[in-house]
Amino acid sequence: MIATVRSALRSVLGWKPLLPAPRRGGCPAEALLPLTERVPAMATTCRMHPSVYAIEAAVIDWARRTGLNADPGVGFHRMAGRAFAEFDAAAAALFAQWLTWLFHLDDELDEGSCPLSVFQGLLEGASDHPLEAAFADLWRVTSARMSDQWRARFAVNLKRQHDACRIEAENRAAGRVPSLAEYPSLRRATIGPYLYDLVEPCLRVEVPPWLHESEPWQALVDACNDVNAWCNDVASRPKERGDTHNLVVVASHQLRLDERQATAWVLDRIAERCHDMQRAVRRLPLDALAPKAARDVSKVACAYLAAPRAHLDWLLESTRYT
């Protein structure tokens, strides 16, 4: 009788079991594993690129040449190797180099060793700061084959990151926690929205401007960005305590949840956004494109669809957040 009453109450209240307590000494990203049972696209481990060691060597060589550090334990080459497993090694290596640069930028901004003015230097082609020099090296290779429209889009997204990082700095100085309403767009910008632009030059294709501006394409990019950013928030939370720019923290603060409840809430949102990605892909107007253009656009969309599981696999094996 008591069990029946409990079941009825749970049904009425929408009760969900809490996540299991994290294992002592376990990988923080293990908190994301329930997604593999809830999201079909995240159920199976991504295939690794057969040339992953060549990709790693290319990243290490580039990092040494530009004065950055490519820690093999962090393994950005493995994230790129999974996301671009179906494409050539050059595509994966270029994307891994950009990831290495982006995470260096993120770390130095968080630690205060890199001023926000570095963004202006990036846009102006400066090379005084190591991050500027590394960016200039990548930009020469990446932008050479792309149109002026693509370059302008990249610059806009770099400016978006600058503005978002400035807002984060102001929030930290004021001790302010962003709201649930404003956090998603802020996080999409701080993670580096140009990452999604970079898929095109890595694959040596370009999405037509009209399609890129279409609602289905923007819905796909935003959902992919949210999934990756929020997964990163869950995995990085134990290491980055004290930083309020994390969806787990924002949910805990605004919804009055403890950390396990807030993490479960975030996983619900991630699962929803994974489904949004699938819906957006099905709405892409590929029939309006010539056959070759449709194939090119499909390659980019497929890379987006592979990104969440590739990112999860990387979070589970990387030493970055342990």
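Preceding this paragraph is the structure being described.
Undergrad: Can you tell me about the packing of aromatic side chains, naming the residues and giving the values?
TA: Within the structure shown, the criterion is met by 19 aromatic pairs. Ring centres of W98 and W101 lie 5.8 Å apart, and the angle between their planes is 85 degrees; on these two criteria the pair is classed as edge-to-face. Here W101 and W98 lie together in helix α5 (residues 89–111), a separation of 3 residues that amounts to about one turn. For W101, a relative accessible area of 0% translates into the label buried. When the centroid spacing of 5.8 Å and the interplanar angle of 20 degrees are considered together, the rings of W139 and W150 count as stacked. You can see W139 sitting in helix α7 (residues 130–143) and its partner W150 sitting in helix α8 (residues 148–174), a full 11 residues away along the chain.

Undergrad: Describe unusual backbone geometry, listing the residues and the values that go with them.
TA: The phi dihedral of R204 is positive, around 60 degrees, even though this residue is not glycine. When you line up the elements, R204 lands in the loop between α10 (195–203) and α11 (209–212). Judged by its relative accessible area of 46%, R204 falls in the partly exposed class. Phi at R256 is positive, roughly 60 degrees, even though this residue is not glycine. With respect to the helices, strands and loops of the structure, R256 is situated in the loop between α13 (247–255) and α14 (259–282).

Undergrad: Can you tell me about the environment of R78, naming the residues and giving the values?
TA: As for its placement among the helices and strands, R78 is situated in helix α4 (residues 76–83). Counting along the chain gives 81 residues from R78 to K159, while the straight-line C-alpha distance between them is 28 Å. Setting aside anything within four residues of it in sequence, one finds R78 in contact with M48, V52 and E317.

Undergrad: Can you explain the side chain of D137? Please cite residues and give values.
TA: Take D137: it is sitting in helix α7. Taking relative accessible area as the criterion, D137 reaches 14% and is therefore assigned buried. Ignoring anything within four residues of it in the chain, the contact list for D137 reads W62, R65 and T66.

Undergrad: Residue-level account of the pattern of salt bridges, with values.
TA: Counted according to the given criterion, the structure contains 29 salt bridges. Across the pair R65 and D137 runs a salt bridge whose closest N-O atoms are separated by 3.1 Å. Here R65, found in helix α3 (residues 52–66), pairs with D137, found in helix α7; they are 72 residues apart in sequence, far enough to count as distant. In this structure R65 comes out as exposed when scored by relative accessible area, which is 53%. Among the salt bridges present, the one from D88 reaches R204, with a minimum N-O distance of 2.8 Å. Of this pair, D88 sits in the loop between α4 and α5 while R204 sits in the loop between α10 and α11, placing them 116 residues apart in sequence. Judged by its relative accessible area of 36%, D88 is partly exposed. If you follow the salt bridges from partner to partner, you end up with R78, R82, R309, D313 and E317 in one network.

Undergrad: How would you sum up the nonpolar core? Please name residues and give values.
TA: Counting residues in each nonpolar core, the largest one holds 96 residues, and the members touching the most others are L32, W101 and W217. Ranked by the residues each element gives to this core, the list is headed by α5, at 13 residues. Beyond its immediate stretch of four places on either side in the chain, W101 contacts W62, L68, L122, L131, A134, F135, L138 and Y194.

Undergrad: Please give an account of the environment of W210 that cites residues and values.
TA: Tracing the backbone shows W210 in helix α11. Ignoring sequence-local partners within four residues, the contact set of W210 consists of P285, A288 and L289.

Undergrad: Hey, could you go over α5 for me, with residue numbers and the actual values?
TA: For α5, with 23 residues, the first-to-last C-alpha span of 33 Å sits near the 33 Å given by 1.5 Å per residue. Most of α5 is tucked away: 17 of the 23 residues are buried. Measuring from the backbone nitrogen of A90 back to the side-chain oxygen at the start of α5 gives 3.2 Å, which picks out D88 as the cap.

Rules used throughout
Residues numbered from 1 in each chain as written. Predicted model: local features only at pLDDT ≥ 70, side-chain atom pairs only at ≥ 80, totals over all residues. Heavy atoms only, no water. Phe/Tyr/Trp six-rings, centres within 6.5 Å; stacked < 30°, edge-to-face > 60°. Helix = DSSP H or I, 4+ residues; strand = E, 2+ residues; numbered from the N terminus. Buried < 20%, exposed > 50% of the residue type's maximum accessible area, 1.4 Å probe, protein only. Contact = heavy atoms within 4.5 Å. Salt bridge = Lys/Arg side-chain N within 4 Å of Asp/Glu carboxyl O. Core = buried A, V, L, I, M, F, W, Y, C linked by side-chain atoms within 4.5 Å. Expected span 1.5 Å × (residues − 1). Polar contact = N/O pair within 3.5 Å; in protein donor to acceptor, adjacent residues only side chain to side chain.

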